[in-house]
Amino acid sequence: RRQQAVDELRPSLDLRERLALLDAEVHDNLDQKRLRDWARETPQPVAAAKRIAAVVIAAAALFTAAFWLLGYGRPTWLMAVLVVHVLFTFGFRRQIRHLARTAAEADFGLAILVQVLQQLERESFATPLLQQLHMRLQTEGLPPSRRIAQLHRLIQALNNSLQNQFYAPIAFFLCLPVHIIHGIEVWRARVGSHIPDWLDAVGQFEALSSLAGYAYERPGDPFPELVDGGPLFEAEQVGHPLLPDEHCVRNDVALNADVRLIIISGSNMSGKSTLLRSVGNNAVLALAGGPVRAAKRRM
């Protein structure tokens, strides 16, 4: 299945170049484990009674402020409503603070992930493994990039309601942070469990794409024959995958039921380590689904 996927991706030069040019390449310090941890946290949506209370308090604050500005009310009424408002919002301070910090980290990780996802969503594939990976990116009929855009808007709204010096007072007055954190937690409850699957699917695709890049640059390297049975490594004219043809010394190597041990000896700089690496690297390439640097290969 991997060999078929690598073979299909082999001529996809434009796709590999687009992936190579993404901004994600420069964010080597990003730990996607934080994104997984955030997705696996238990969602804590705001109870309906508290959301209704937030609407009532915001409406009371809005009406008392309007009446006071129009000269029909007393400032003590507004102060009383604001005291209730502050006490109500104070109960959410820890959740808001925690979510503002962790959601910002998740948003940064998703912003990088979405660049790769957008490239994959527009592709169509013929081989079973690539089709399976493509299907794993669908979430309730919507592509991941759309789902991530929904969360991004919510996180931006939360940050603005807490940090924007012009918008934050209005957001506080209307109890908007309570409704925004509810929206984020509902998103995490509905979609968050898919994030690890997205990361795994993207990781597998990038690995297959890398093998396809090698396969494209080495059109003469065949795919190995994988057979059932006991331990087996048979290679004709095996060479190191990273050496150019003019410097690559090839050898026949066979390890099977009859020959289980090979002792390699020779002088310094004669190529002993290179032969060992040739066998090891080609074994990894073969089991990963890539082509091998050999004329013929069975494992």
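Residues numbered from 1 in each chain as written. Predicted model: local features only at pLDDT ≥ 70, side-chain atom pairs only at ≥ 80, totals over all residues. Heavy atoms only, no water.

> Break down the overall build of the protein for me, with residues and values.
If you tally the helices and strands in the protein, you get twelve helices and three strands. The globule rule puts the C-alpha radius of gyration for 299 residues at 19 Å, and the 29 Å found for the protein is more than 25% above it. Seen through its principal axes, the protein has C-alpha atoms that stretch 100 × 40 × 35 Å. A total of 299 residues make up the protein; the buried ones form 39% of that total. Taking the contacts inside the protein whose residues are at least 6 apart along the sequence as the reference set, 77% of them involve residues at least 24 apart. A total of about 17300 Å² of accessible surface is found on the protein, and carbon and sulfur atoms cover 58% of it. (Helix = DSSP H or I, 4+ residues; strand = E, 2+ residues; numbered from the N terminus. Rg over C-alpha atoms; globule rule 2.2 N^0.38 Å. Buried < 20%, exposed > 50% of the residue type's maximum accessible area, 1.4 Å probe, protein only. Contact = heavy atoms within 4.5 Å. Areas by Shrake-Rupley, 256 points an atom, 1.4 Å probe, with all protein chains shown as cover.)

> Tell me about unusual backbone geometry, and name the residues and values.
Non-glycine residue Gln237 carries a positive phi angle of around 55°. Structurally, Gln237 is set in strand β1 (residues 233-238). Look at Met269: it is not a glycine, yet its phi comes out positive at around 65°. Along the chain, the position of Met269 falls in the loop between β2 (251-255) and α12 (272-288). Among the residues examined, Met269 registers a relative accessible area of 84% and is labelled exposed.

> Can you lay out the nonpolar core for me, pointing to particular residues and giving the numbers?
Of all hydrophobic cores here, the largest spans 65 residues; its most connected members are Trp38, Ile195 and Phe205. Each residue touching Trp38, except ones within four places of it in the same chain, is listed here: Leu99, Thr102, Ala103, Ala106, Leu151, Ile184, Trp187, Arg188 and Ile195. (Core = buried A, V, L, I, M, F, W, Y, C linked by side-chain atoms within 4.5 Å.)

> Break down the pattern of salt bridges for me, with residues and values.
Under the counting rule described, the total for this entry stands at eleven salt bridges. Salt-bridge contacts for Arg136 lead to Asp197; the nearest nitrogen and oxygen are separated by 2.5 Å. With a gap of 61 residues between them, Arg136 in the loop between α7 (128-135) and α8 (144-163) and Asp197 in helix α11 (residues 195-217) connect regions that are remote in the sequence. For Arg136, a relative accessible area of 21% translates into the label partly exposed. Judged by relative accessible area, Asp197 falls into the partly exposed class, the value being 28%. Across the pair Asp245 and Arg218 runs a salt bridge, and its minimum N-O distance is 3.7 Å. Of this pair, Asp245 sits in the loop between β1 and β2 while Arg218 sits in the loop between α11 and β1, placing them 27 residues apart in sequence. (Salt bridge = Lys/Arg side-chain N within 4 Å of Asp/Glu carboxyl O.)

> An account of the side chain of Gln119 is needed here, citing residue identities and associated values.
Residue position: Gln119 is located in helix α6 (residues 93-121). Engagement of the side chain of Gln119 in a polar contact is seen with the side chain of Arg18, the distance being 2.6 Å. Residues contacting Gln119, with those up to four places away along its chain left out, are Leu15, Arg18, Leu19 and Leu22. (Polar contact = N/O pair within 3.5 Å; in protein donor to acceptor, adjacent residues only side chain to side chain.)

> Summarise the packing of helix α1 (residues 2-9) against α11; cite the residues concerned and give the values.
To characterise two packed helices, one gives the angle between the axes of the helices and the distance between these axes. As a packed pair, α1 and α11 sit with axes 8 Å apart at the nearest point and diverge in direction by 65°. Of the two possible hands of crossing, α1 and α11 adopt the one that is right-handed. When α1 is examined against α11, the residues Arg2, Ala5, Val6 and Leu9 are found in contact with a partner set consisting of Phe205, Leu208, Ser209, Leu211, Ala212 and Ala215. Looking at the contact of α1 with α11 residue by residue, the class counts come to eight nonpolar, one polar and one charged. (Axes fitted to C-alpha atoms, helices over the stretch in contact; angles between N-to-C directions. Left-handed = near helix turned anticlockwise from the far one by under 90°. Nonpolar A, V, L, I, M, F, W, Y, C, P; charged D, E, K, R; others polar.)

> Residue-level account of a nonpolar patch on the surface, with values.
Taken together, the side chains of Leu62, Tyr167, Ile170 and Leu174 present a nonpolar region at the surface, about 330 Å² in accessible area. Checked against the element boundaries, Ile170 lands in helix α9 (residues 167-173). (Patch = residues over 30% accessible without salt bridge, like charges linked within 9 Å, V, L, I, M, F, W, Y side chains within 5 Å.)

> I'd like to hear about helix α2 (residues 13-20), residue by residue, with values.
For α2, every residue scored as buried is listed here: Leu15, Arg16 and Leu19. All buried residues of α2 project into a common sector of 95° when viewed along the axis, lining one side. The inward-facing, buried residues of α2 contact α1, α6 and α11. (Arc of directions from axis to C-beta.)

> Please provide a residue-by-residue account of the packing of aromatic side chains, values included.
Taken as a whole, this structure holds two aromatic pairs when the rule is applied. Taking 6.2 Å as the distance between ring centres and 35° as the angle between the ring planes, the aromatic pair formed by Trp38 and Trp187 counts as tilted. Here the residue Trp38 occupies a position in helix α3 (residues 32-40), and Trp187 occupies one in helix α10 (residues 176-191), the gap between them amounting to 149 residues. (Phe/Tyr/Trp six-rings, centres within 6.5 Å; stacked < 30°, edge-to-face > 60°.)

> Describe the sheet that holds β2, naming the residues involved and giving the relevant values.
Here we have three strands laid out as an open sheet, ordered β2-β1-β3, and antiparallel in their pairing. Looking along the sheet, the strands with just one partner apiece sit at the ends: β2 and β3 (296-298). The mean inter-strand angle of the sheet, taken between neighbouring strand axes irrespective of direction, is 5°. For β1 and β3, the ladder comprises three bridges, and the chain directions are antiparallel. (Pairing = 2+ DSSP bridges.)

> Tell me about the pairing of β1, and name the residues and values.
Pairing of β1 with β2 involves four bridges; the strand directions are antiparallel. Its bridge partner lying in β2, Phe233 is registered against Leu255.

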